[in-house]
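# A look at the structure
Spelled out, the chains give:
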Amino acid sequence: MSSAAVTDATFADEVLGADRPVLVDFWAEWCGPCRQVGPIIDEIGTEFADKLKVMKLNVDENPQAAQTYRVMSIPSMIVFNGGQEVKRIVGAKPKSALLVDLADFI
């Protein structure tokens, strides 16, 4: 699996300090659409591993990052580049739509 878990404790190093864009998938175990889009996020992470780092953050286990970035609904996918939020995608989408949303980074 290409997407690693990120936690509140590792967020600054893994995401904000990364040397390339990072897509963070904010999700929860109980969220149906999250489980639907999860494998698609994994595929994108595998296919574009050289350009985009993909991480998953469980909002139930790591509420601080979700609160900091005002994640109100899940799934939410946020792209960070150079320590800043540069793109936000909310809701489950098919792979083709996600690839369009992520075109600037892949």
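Scroll up a little and you will see the structure.
A short tour of the structure in this document, coming up. Values in this document were obtained by computation on a predicted structure and should not be read as measured data. (Residues numbered from 1 in each chain as written. Predicted model: local features only at pLDDT ≥ 70, side-chain atom pairs only at ≥ 80, totals over all residues. Heavy atoms only, no water.)

On a plain count of helices and strands, the protein chain comes out with four helices and five strands. The linear arrangement of helices and strands in the protein chain, starting from the amino end, is β-α-β-α-β-α-β-β-α. The C-alpha radius of gyration of the protein chain comes to 12 Å, within 12% of the 13 Å expected for a compact globule of 106 residues. The dimensions of the protein chain, computed from C-alpha atoms along their principal axes, are 30 × 30 × 25 Å. Relative to its full complement of 106 residues, the protein chain shows a buried share of 46%. For the protein chain, restricting intrachain contacts to residue pairs at least 6 apart in sequence, the fraction spanning at least 24 positions comes to 69%. By element, 52% of the accessible surface of the protein chain is carried by carbon and sulfur atoms, the whole surface being about 5500 Å². Counting 10 positive and 15 negative side-chain charges, the protein chain places the centres of these two groups 5 Å from one another. (Helix = DSSP H or I, 4+ residues; strand = E, 2+ residues; numbered from the N terminus. Rg over C-alpha atoms; globule rule 2.2 N^0.38 Å. Buried < 20%, exposed > 50% of the residue type's maximum accessible area, 1.4 Å probe, protein only. Contact = heavy atoms within 4.5 Å. Areas by Shrake-Rupley, 256 points an atom, 1.4 Å probe, with all protein chains shown as cover. Lys, Arg positive; Asp, Glu negative; His and termini not counted. Charge placed at Lys NZ, Arg CZ, Asp CG, Glu CD.)

Attention now moves to the side chain of Asp101. Within the secondary structure, Asp101 sits in helix α4 (residues 95-101). With a relative accessible area of 17%, Asp101 lands in the buried category. If we ignore the near neighbours within four places in the chain, the residues touching Asp101 are Lys87, Ile89 and Lys93.

In this structure, Phe11, Val15, Val24, Phe26, Leu57 and Ile74 are the most contacted members of the largest nonpolar core, which totals 21 residues. Where this core is concerned, the elements lending two or more residues are α1 (11-16), β2 (22-27), β3 (53-58), α3 (63-68) and β4 (76-81). Ignoring sequence-local partners within four residues, the contact set of Val24 consists of Val6, Phe11, Val15, Met55, Leu57, Ser76, Met77, Ile78 and Phe80. Ile40, Leu52, Ile89 and Phe105 belong to the second-largest nonpolar core, a separate cluster that totals 14 residues. (Core = buried A, V, L, I, M, F, W, Y, C linked by side-chain atoms within 4.5 Å.)

A word on helix α2 (residues 32-47). Taking 1.5 Å per residue as the helical rise, α2 with its 16 residues ought to reach 22 Å, and the 24 Å between its terminal C-alpha atoms agrees with that figure. For α2, the principal kink sits at Gly38 and spans about 30 degrees; a proline, Pro39, occurs within the next four residues. Taken as a whole, α2 has its buried residues at Cys34, Val37, Gly38, Ile40, Ile41, Asp42, Ile44 and Gly45. On the buried face of α2, the contacting elements are β2, β3, β4 and α4. (Expected span 1.5 Å × (residues − 1). Bend = angle between axes of the 7 residues up to and from the residue.)

This brings us to the pattern of salt bridges. If the charged atoms of two oppositely charged side chains come close together, the side chains can form a pair. Going through the model one piece at a time under the given rule, you end up with seven salt bridges. A salt bridge links Lys56 to Asp42; its shortest N-O distance comes to 3.6 Å. Of this pair, Lys56 sits in strand β3 while Asp42 is found in helix α2, placing the two residues 14 residues apart along the sequence. There is no split in this pair, since Lys56 and Asp42 are both buried. Notably, a salt bridge pairs Arg88 with Glu85, separated by 2.9 Å at the nearest N-O pair. Glu85 sits in the partly exposed class, given a relative accessible area of 36%. (Salt bridge = Lys/Arg side-chain N within 4 Å of Asp/Glu carboxyl O.)

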